[in-house]
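# Fold and contact review
One letter stands for each residue in the lines below.
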Amino acid sequence: MGVISLRAVSKSYPSADARLEVLRGVDLEIDAGEFVAAIGPSGSGKSTLLNLIGGLDHPDSGTIRIDGLDLGGRDDRTLAAIRNKKLGFVFQSFHLIPVLTAAENVAWPLVLKGMERRSRAARATELLERVGLAGHLHRTPGRLSGGQRQRVAIARALACRPKIILADEPTGNLDAVTAAGIMELFASLNREEGVTFVVSTHDPMVVSHAGRRLQLTEGTLRDTSRERPLHEDLPHV
Amino acid sequence: MFDLVSLSVRNIFRNRRRTIITVFSIVVGFSAMACFGGFIEFSFEGLRETTIRTRLGHLQIYADGYSQHRVSDPESVLISEPDEVMAHIAKLPGVAAVTPRLSFSGLGSTGRTTVNVSVIGVDPEGEEEFADFETLVAGRPLEPGDPEGGLIGEELRNGLGAEVGDWVTVLTTSFGGIINAVDFRVAGVVRTGSKEYDSVFVKVPIELAQRAKETAEVERIVVLLDDTDDLSALQPRIEEVLSMFDDEFETRRWDELAGFYDAVVALYTGIFTVFAGIVGVVVMFSVANTMTMAVFERTGEIGALRAIGARRSTLVAMFLIEGVGVGLLGAGLGVVASWLIAGAVQATGGIAMPPPPGMSQGFQAYFSLTGDVLRNAFAVTVAATLVSAVYPAYAASRIRIVEALQQ
Ligand SMILES: Nc1ncnc2c1ncn2[C@@H]1O[C@H](COP(=O)(O)OP(=O)(O)OP(=O)(O)O)[C@@H](O)[C@H]1O
Ligand SMILES: [Mg+2]
């Protein structure tokens, strides 16, 4: 069984007339070390899928396993611990804590994990160096560029050495050059450290890094990795 | 924990203007509470010391059975050998004065008019300590070696039409049941602070009172301490001294004798409680508003914290710490502000107050910022901020993560 495993996962939202069925019985297996891109038009359910995998939301039915652990029926405490230890999140709008410095932002998952102060600081420094921000440890997010913020967010996502990083349009707020830099970083983390990536995106450049493409249409997932060339698959941006 | 506190504290200072406004409202509420509490405390102190030093002393000693038989058979409950008892108690450290009393009521007359009087026989030597709260309006105080001089209240002077130097005859019944008369010469006129008391007040040397009642004994021994706060420590030691004598004694503390003091304290404490409640509610609204805004503004961060592994309880704690932090900040500055206000009142000579009911003189009021007063104000403000942070903190912990992250 893969590090991420979905079985017959359905999710719908209440809407004006009937319920809006975003995912209809999705099955998915992702192995450790894979780099997966979730693609599809806006509103197709990419974020919904990532949120479910990340235990940020609950499916209406079906089972989701992360590293063998069933997320269903877990209490808040356990889900929080799973998110903390097994998963790292990267968001389109970074979501850093503005009152904390870069190093403190990176260290917060470790605070929540209960790691001792000195080890935390060392780990945060190491991670910020890894993402190319060695000189910006003590800056608050307000004094960093968008690309730098996203690097801090990536360092934060890596803090607890998660097996999986879930990135929901991580380059959505970045210019092309910066976005390329972020994707290089993802690729090297995937290659060198075996971190599993699931990235949702509209950006062909991002998709080009992925070893596997998952197309979301009308609530179903289709693996399009070996189908058509990718540019036909994507809406023009 | 430290990291959570550090994060909360930084969040407090994040929106400076809003925090300043909130903290300011807490400071105002705190100062209002502390100053009002301090004013009440000052009034209590004044009332307490007036009561103790004009009439009751801190502790009164009677012969055993006094409280039961003083009306039916007063002669049987007199203290027969007071001198030795007084000498022993006077030796205790912290005791300012020990003095005998023999009081009775009778009719005072100057020949022209006759009025009711309440005579108190005292030992002029032990009495100096009590003079503090009696203001001499004319003449001089009682002096040892003047067995026939007496003091009368200001109102009684008007009633009798007597001046300093005039003779007044007091008519009463001796313990033996015989109508008896004694004369004293008005040595001075005093104001005790209570008009009612002033209109019957007569103070004479105890020998004169003993002559009127035809006895060599005394009714009670009054003990005055240097400091009212020492009473609870000294009372057992005084009782220990009394137990060395063959005679049995009863003792009463001033607060057991002054029922009205308790009533006044209860009334003002009630008023203060209502006031503190109102201030608490105002503080609560102010903090609740700030905290709710803080939660709304920070939903994105709340989502992020949850995503990186913060539990609901962590968020509750974070916002509670923030609320209490604002409360502590406001209360801390409130202490400083109250001190400044109390200091300013002190420096300008107090606030002129009209005479309290039943009293003849107005007084200058100050704010007594005692530990209790400040502690109460502190407790009310911090509790109010804590309570008002509860709902926003709970709401923050209940925000759905995916919705929070959409911010
Ligand atoms: N909390 C919600 N309540 C109701 N409907 C929702 C909610 N969240 C998402 N939806 C709906 O579910 C559908 C899928 O949303 P989702 O955010 O997963 O799409 P997406 O593929 O990430 O889109 P985008 O590319 O624009 O980010 C959309 O139609 C959206 O309107
Ligand atoms: Mg999306």
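Residues take numbers from 1 onward in each chain, read along the sequence in its written order. Key to labels: chains lettered from A, ligands numbered from 1, both in the order written. Residue-level local features of this predicted model are given only where pLDDT is at least 70; pairs of side-chain atoms are given and counted only at 80 or more, and the full residue set underlies all totals for whole chains, interfaces and linings. To obtain the side-chain values, all non-hydrogen atoms of the structure were used and water was disregarded.

Once that is clear, we can look at the overall build of chain B. Strands here mean DSSP runs of E at least two residues long; helices mean DSSP runs of H or I at least four residues long; both are numbered from the N terminus. Across its full length, chain B carries 14 helices and twelve strands. Computed over its C-alpha atoms, the radius of gyration of chain B comes to 31 Å, more than 25% above the 22 Å expected for a compact globule of 407 residues. Along the longest, intermediate and shortest principal axes, the C-alpha atoms of chain B span 100 × 45 × 35 Å. Scored against the burial criterion, the 407 residues of chain B give a buried share of 50%. In what follows, residue pairs with any heavy atoms lying within 4.5 Å of each other are defined as contacts. Of the contacts formed within chain B by residues at least 6 apart in sequence, a portion of 78% connects residues at least 24 apart. Carbon and sulfur atoms form 58% of the exposed surface of chain B, whose accessible area is close to 18700 Å². In this tally, Asp and Glu contribute negative charge and Lys and Arg positive charge; neither His nor the terminal groups of the chain are included. The location of each charge is read from NZ of Lys, CZ of Arg, CG of Asp or CD of Glu. Across chain B, the centroid of the 31 positively charged side chains sits 18 Å from that of the 49 negatively charged ones. Only the C-alpha atoms count toward the radius of gyration. The rule for a globule is 2.2 Å times the residue count to the power 0.38. Each residue's exposure class comes from its accessible area (1.4 Å probe, protein chains only) as a fraction of the maximum for that residue type: buried when under 20%, exposed when over 50%, partly exposed otherwise. Each accessible area is a Shrake-Rupley estimate made with a 1.4 Å probe; only the visible protein chains count as cover when residues are assessed.

With 24 residues of chain B at the interface, the matching set in chain A holds 26 residues. Carbon and sulfur atoms make up 62% of the area that chain B and chain A hide from each other, which totals about 2300 Å². Defined in terms of a 1.4 Å probe, buried area is the accessible area two parts forfeit on being brought together, summed over both. Three residues stand out in chain B for area buried against chain A, namely Asp3(B), Arg10(B) and Ile308(B), and they jointly supply 26% of the buried area on that side. We count a salt bridge whenever a side-chain nitrogen from Lys or Arg sits within 4 Å of a carboxyl oxygen from Asp or Glu. Remark: the boundary between chain B and chain A carries five salt bridges. Any N or O atom pair separated by 3.5 Å or less is treated as a polar contact, with the protein-specific requirement of one donor-capable and one acceptor-capable atom, and with residues adjacent in sequence counted only for side-chain atom pairs. Taken together, chain B and chain A are joined by ten residue pairs in polar contact (both at pLDDT 80 or more). Those elements giving two or more residues to the side of chain B that touches chain A turn out to be helix H1 (2-12), helix H11 (299-307), helix H12 (312-347) and helix H14 (401-405) of chain B.

The next subject is the environment of Leu257(B). All names here are of chain B. By secondary structure assignment, the location of Leu257 is in helix H9 (residues 254-257). For Leu257, a relative accessible area of 31% puts it in the partly exposed group. Separated by 205 residues in the primary sequence, Leu257 and Ile52 place their C-alpha atoms 9.9 Å from one another. Other than its neighbours up to four places away in sequence, Leu257 contacts Leu56, Gln60, Tyr62 and Arg252.

Further remarks concern the pairing of strand E6 (residues 87-91) of chain A. Residue and element names in this part refer to chain A. Summarising burial for E6: five of the five residues are buried, a large majority. Both faces of E6 are covered, namely the face carrying Leu87, Phe89 and Phe91 and the face carrying Gly88 and Val90. Think of it this way: DSSP has to see at least two bridges between two strands before they count as a pair. Two strands pair when backbone bridges link them, and E6 and strand E7 (residues 164-168) are joined in this way by five bridges, in the parallel orientation. Bridging from a neighbouring strand, Val90 pairs with Ala167 of E7.

Residues and elements named next belong to chain B. Grouping into patches uses exposed residues only, defined as over 30% relative accessible area, and leaves out salt-bridged ones; the cut-off is 9 Å for like charges and 5 Å for nonpolar side chains (Val, Leu, Ile, Met, Phe, Trp, Tyr). A contiguous patch of negative charge, built from Asp64, Glu81, Asp83, Glu84, Asp246, Asp247 and Glu248, is present on the exposed surface. Looking at the secondary structure, you find Asp64 in the loop between strand E1 (59-63) and helix H3 (66-69). Classification of Asp64 as partly exposed rests on a relative accessible area of 45%.

As a further point, take the site of ligand 1. Residues and elements named next belong to chain A. The near set for a molecule or strand comprises every residue that places at least one heavy atom within 4 Å of it. The environment of ligand 1 is made up of 13 residues, and the closest members are Ser42, Gly43, Lys46, Ser47 and Thr48. Residue Gly43 places a main-chain N or O atom 2.9 Å away from an oxygen atom belonging to ligand 1. The fraction of the free accessible surface of ligand 1 (630 Å²) that becomes covered by protein chains is 69%. Among the secondary structure elements, those contributing two or more residues to the shell around ligand 1 are strand E2 (19-30) and helix H1 (46-53). At three residues, H1 tops the list of elements feeding residues into the shell around ligand 1.

Residues and elements named next belong to chain B. Here, the term nonpolar core denotes a set of buried Ala, Val, Leu, Ile, Met, Phe, Trp, Tyr and Cys residues that are joined through side-chain atoms within 4.5 Å. With 105 residues, the main nonpolar core has Ile89, Phe184 and Val223 as its most contacted residues. Top element by residues in this core is helix H2 (residues 16-56). It accounts for 14 residues. Residue ranges assigned to each domain were obtained from an automatic or database domain assignment. Structurally, this core is a two-domain feature, drawing no fewer than three residues from each of domain 1 (2-50 + 261-406) and domain 2 (65-247). In contact with Ile89, other than residues within four places in its own chain, are Ile61, Val95, Val98, Val223, Ile238, Val241 and Leu242.

Okay, the packing of aromatic side chains next. Aromatic pairs are defined between Phe, Tyr and Trp rings, using the six-membered ring for Trp, whenever the two ring centres lie within 6.5 Å; interplanar angles under 30 degrees are classed as stacked, those over 60 as edge-to-face, and all others as tilted. Within the structure shown, the criterion is met by 13 aromatic pairs over all chains. Aromatic pair Trp254(B) and Tyr261(B): ring centres 4.8 Å apart, planes at 70°, arrangement edge-to-face. Residue class for Trp254(B) comes out buried when judged on its relative accessible area of 6%. With relative accessibility at 9%, the residue Tyr261(B) sits in the buried group. Site record: aromatic cluster; members linked through ring pairs are Phe35(A), Phe186(A) and Phe197(A). The ring of Phe175(B) is capped by Lys213(B), whose NZ or CZ atom sits 4.8 Å from the centre of that ring. Distance and angle both matter: a charge sits over a ring if NZ of Lys or CZ of Arg is within 6 Å of the ring centre and within 35 degrees of the ring normal.

Once that is clear, we can look at the environment of Gly25(A). Residue and element names in this part refer to chain A. In this fold, Gly25 is placed in strand E2. Once the C-alpha coordinates of Gly25 and Gly62 are considered, the two residues, 37 residues apart in sequence, prove to be 7.2 Å apart. Other than its neighbours up to four places away in sequence, Gly25 contacts Ala8, Val9 and Ser10.

This part covers a positive patch on the surface. On the surface, a cluster of positive charge is made up of Arg77(A), Lys85(A), Lys113(A), Arg161(A) and Arg311(B). Secondary-structure assignment places Lys85(A) in helix H2 (residues 76-86). With relative accessibility at 41%, the residue Lys85(A) sits in the partly exposed group.

The next subject is helix H3 (residues 102-113) of chain A. All names here are of chain A. Counting buried positions along H3 gives nine out of twelve residues, so the element sits mostly inside the fold. Those residues of H3 that fall on the buried side of the exposure criterion are Ala102, Ala103, Asn105, Val106, Ala107, Trp108, Pro109, Leu110 and Val111. Where H3 terminates, the next one or two residues include Gly114, which has phi positive at roughly 100°.

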